[in-house]
Amino acid sequence: MLRLGHAPETQLSLRTYRTVADLLYKHSRIYLGNDKQALLTHRLRHRLPQLGLKSYNQYCALLLSRDGMDEIEHLVDFLSTNHTFFFREPEAFSFLTTRILPELIPQLLSSFSPLRIWSAAASSGEEPYTIALALTEALRAFPLLDWKVTASDISHRMLARAQKGIYSMKSVNPVPLDLLRRHFQKGIGIHAGNFRVKAALRQRVLFEHINLFQFPYPFAHEQHVIFCRNVMIYFDQPSRAVLVDKLVQNLTPGGYLILGLSESLFGLHHNLESIQQGVYRRR
């Protein structure tokens, strides 16, 4: 029987919560207001036993230790929503193939320049592989046009998962059947029910560990298109302003920034022209 004085913690103290939230913000710019204290308490209640810790104070000490960076990254993983699937918000990929590519192809071919697309905050990889799949199909008639997709995330775990290119039936369900057969291998035996992106498509995607707020980004050239979807919802307004400025600087003039359908640049100063919901073009 537990004595009253030794009852386990059931709630993060405000002081400990703010310490954890401030560390998270410093590392990733993910902003947690005081209204998220209960959420963080709930998430950490399951994490502490996994780490063999008995209190939130011990967890806070771990984050502040020399080995704390790995756990901060884990904290980012389970506080951000990594729920994604192939062809999520398909309007973005339709815009890429029907509007952006016809505009870019002539100038890229005439200048012998490769097409550069960045999938920022790529999570477990469904978005960059969808981009690569769409490009493979759309550029069949232009075999001389070189292209690549750079996929980045702040999480080493998500990147490792994405590089494997293995997905559940639920995740690939939106992929048209003919494309599924052409670009995926169906798992058998213990892998039954899963699909793996074929090597030819995987080789078109370059994975990089990038914190969106680092400086500089590891690109030798500006990008023609940047997908940065459903990530700014985690940031406060000052961080959004910083991020948009950094993204614009890494877009070629006339290049496109594609956000999530629920996101906008309202209230931010930027050198972008609004094209349609979630799509902006650098002036």
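These figures come from a predicted structure and were not determined experimentally.

### Considering the side chain of Glu 73
- Within the element layout of this structure, Glu 73 appears in helix α4 (residues 68-79).
- By relative accessible area, which is 8% here, Glu 73 ends up buried.
- A distance of 2.8 Å separates the side chain of Glu 73 from the side chain of His 156, its partner in a polar contact.
- Setting aside anything within four residues of it in sequence, one finds Glu 73 in contact with Ile 154, Ser 155, His 156, Arg 157 and His 209.

### Details of the pattern of salt bridges
- According to the stated counting rule, one finds 14 salt bridges in the structure shown.
- Between Asp 35 and Lys 36 there is a salt bridge, with its nearest N and O atoms 3.3 Å apart.
- Between Arg 281 and Glu 103 there is a salt bridge whose closest N-O contact spans 3.2 Å. Of this pair, Arg 281 sits in strand β10 (residues 279-282) while Glu 103 is found in helix α5 (residues 91-111), placing the two residues 178 residues apart along the sequence.
- Within this structure, Asp 70, Glu 73, Asp 77 and Arg 157 form a network of salt bridges that share partners.

### A look at unusual backbone geometry
- For the bond from Phe 215 to Pro 216, the omega torsion is -10°, close enough to zero to count as cis.
- Following the sequence through the fold, Pro 216 ends up in the loop between β6 (205-209) and β7 (223-227).
- Its identity as a non-glycine residue notwithstanding, Phe 112 has a phi of 55°, on the positive side.
- Located in the positive-phi region is Ser 123, a residue other than glycine, with phi close to 55°.
- Note on placement: Ser 123 falls in the loop between β1 (115-119) and α6 (126-138).
- You can call Ser 123 buried: its relative accessible area is 10%.

### What about the side chain of Glu 126?
- Here Glu 126 is to be found in helix α6.
- Among buried charged residues, Glu 126 stands out as having no salt bridge; its nearest opposite-charge side chain is Arg 161, 5.2 Å away.
- Here the side chain of Glu 126 touches Ser 124 through a polar contact of 2.6 Å, side chain to side chain.
- Of the polar contacts made by the side chain of Glu 126, one reaches the side chain of Ser 171; its length is 3.1 Å.
- Sequence-distant contacts of Glu 126, that is, excluding residues within four places in its chain, are made with Thr 84, Phe 85, Phe 86, Tyr 167 and Ser 171.

### Considering the sheet that holds strand β3 (residues 166-168)
- The strand order across the open sheet built from three strands is β3-β5-β4, with neighbouring strands paired in antiparallel fashion. A single partner strand is all that each edge strand has here, and the edge strands are β3 and β4 (184-186). Within the sheet, the average angular offset between the axes of one strand and its neighbour, ignoring direction, is 35°.
- Alignment of β3 against strand β5 (residues 194-197), held across three bridges, turns out to be antiparallel.

Cut-offs used in this document
- Residues numbered from 1 in each chain as written.
- Predicted model: local features only at pLDDT ≥ 70, side-chain atom pairs only at ≥ 80, totals over all residues.
- Heavy atoms only, no water.
- Helix = DSSP H or I, 4+ residues; strand = E, 2+ residues; numbered from the N terminus.
- Buried < 20%, exposed > 50% of the residue type's maximum accessible area, 1.4 Å probe, protein only.
- Polar contact = N/O pair within 3.5 Å; in protein donor to acceptor, adjacent residues only side chain to side chain.
- Contact = heavy atoms within 4.5 Å.
- Salt bridge = Lys/Arg side-chain N within 4 Å of Asp/Glu carboxyl O.
- Lys, Arg positive; Asp, Glu negative; His and termini not counted.
- Pairing = 2+ DSSP bridges.
- Axes fitted to C-alpha atoms, helices over the stretch in contact; angles between N-to-C directions.

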